Amino acid sequence: VFLKHIFLANLFMLFTANVAIAQTSSDNYTETFRLQRQNQGEMYFTKANELFKDGNYKACIDKINDFLFLFPGHPATLKSLKLLSNSYKKRDQLDESIKTDLLIYREYPTTEDGLTSYLEAGKKMLMVGRLKDGKKILENVKNQLYSSKIAKDAEIELRQNLILEEEGFQIKEEISKE
């Protein structure tokens, strides 16, 4: 009976040691997989960035969309979204750029990057003639409390837009007099 208890105790220790080894192997495998995945994502982002620098904005957009699909939650997601917005803007796809800027703001609302993207969305809305929406966004940015610098930029945009509207009104009055 005593030998049976010693045998069972040794068997138990052997089993728990194997479980600990298996757990350590699993943890190492998980960490290795995570690092490889992160490196692959970085390579995708780097390639997209090179395509952007080369002026190949369409290929850049495709590469970033692949990146966002294949590597959700990757540390380079924010940089990729900003690059995506810039690529759309370079291709004069302002509506897509606005959507991307609003997505950045929705994901990062209290960061400087998020607020800057929101500001950019408002400016682009003014560019495409969505004056009411653009002004509303600029007013929101102007009144937020997270960044006084970005709030000041929004205020400047609103003032410039007001000046342009007034000049446009004066030009329309002169045309109608003739």
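Look up: the structure comes first, before these words.
Worth saying up front: this structure is predicted, and the values here are computed from it rather than measured.

Caption draft 1: Representation of the overall build of the chain within the structure. When its secondary structure is counted, the chain shows 7 helices and 0 strands. Relative to its 178 residues, the chain shows a buried fraction of 28%. Restricting to contacts in the chain with at least 6 residues of sequence separation, those with at least 24 account for 43%. Of the roughly 12,300 Å² of accessible surface on the chain, 57% is carried by carbon and sulfur atoms.

Caption draft 2: The arrangement of unusual backbone geometry in detail. For Asp92, which is not glycine, the phi torsion reads 60° and is therefore positive. Considering the arrangement of structural elements, one finds Asp92 in the loop between helix 3 (77-90) and helix 4 (94-107).

Caption draft 3: Main features of the environment of Leu68. With respect to the helices and strands, Leu68 occurs in helix 2 (residues 57-70). A relative accessible area of 25% means that Leu68 is categorised as partly exposed. Residues within four places of Leu68 in sequence aside, it is in contact with Thr77, Ser80, Leu81 and Leu84.

Thresholds applied
- Residues numbered from 1 in each chain as written.
- Predicted model: local features only at pLDDT ≥ 70, side-chain atom pairs only at ≥ 80, totals over all residues.
- Heavy atoms only, no water.
- Helix = DSSP H or I, 4+ residues; strand = E, 2+ residues; numbered from the N terminus.
- Buried < 20%, exposed > 50% of the residue type's maximum accessible area, 1.4 Å probe, protein only.
- Contact = heavy atoms within 4.5 Å.
- Areas by Shrake-Rupley, 256 points an atom, 1.4 Å probe, with all protein chains shown as cover.

Just distances and angles here, no functional claims.
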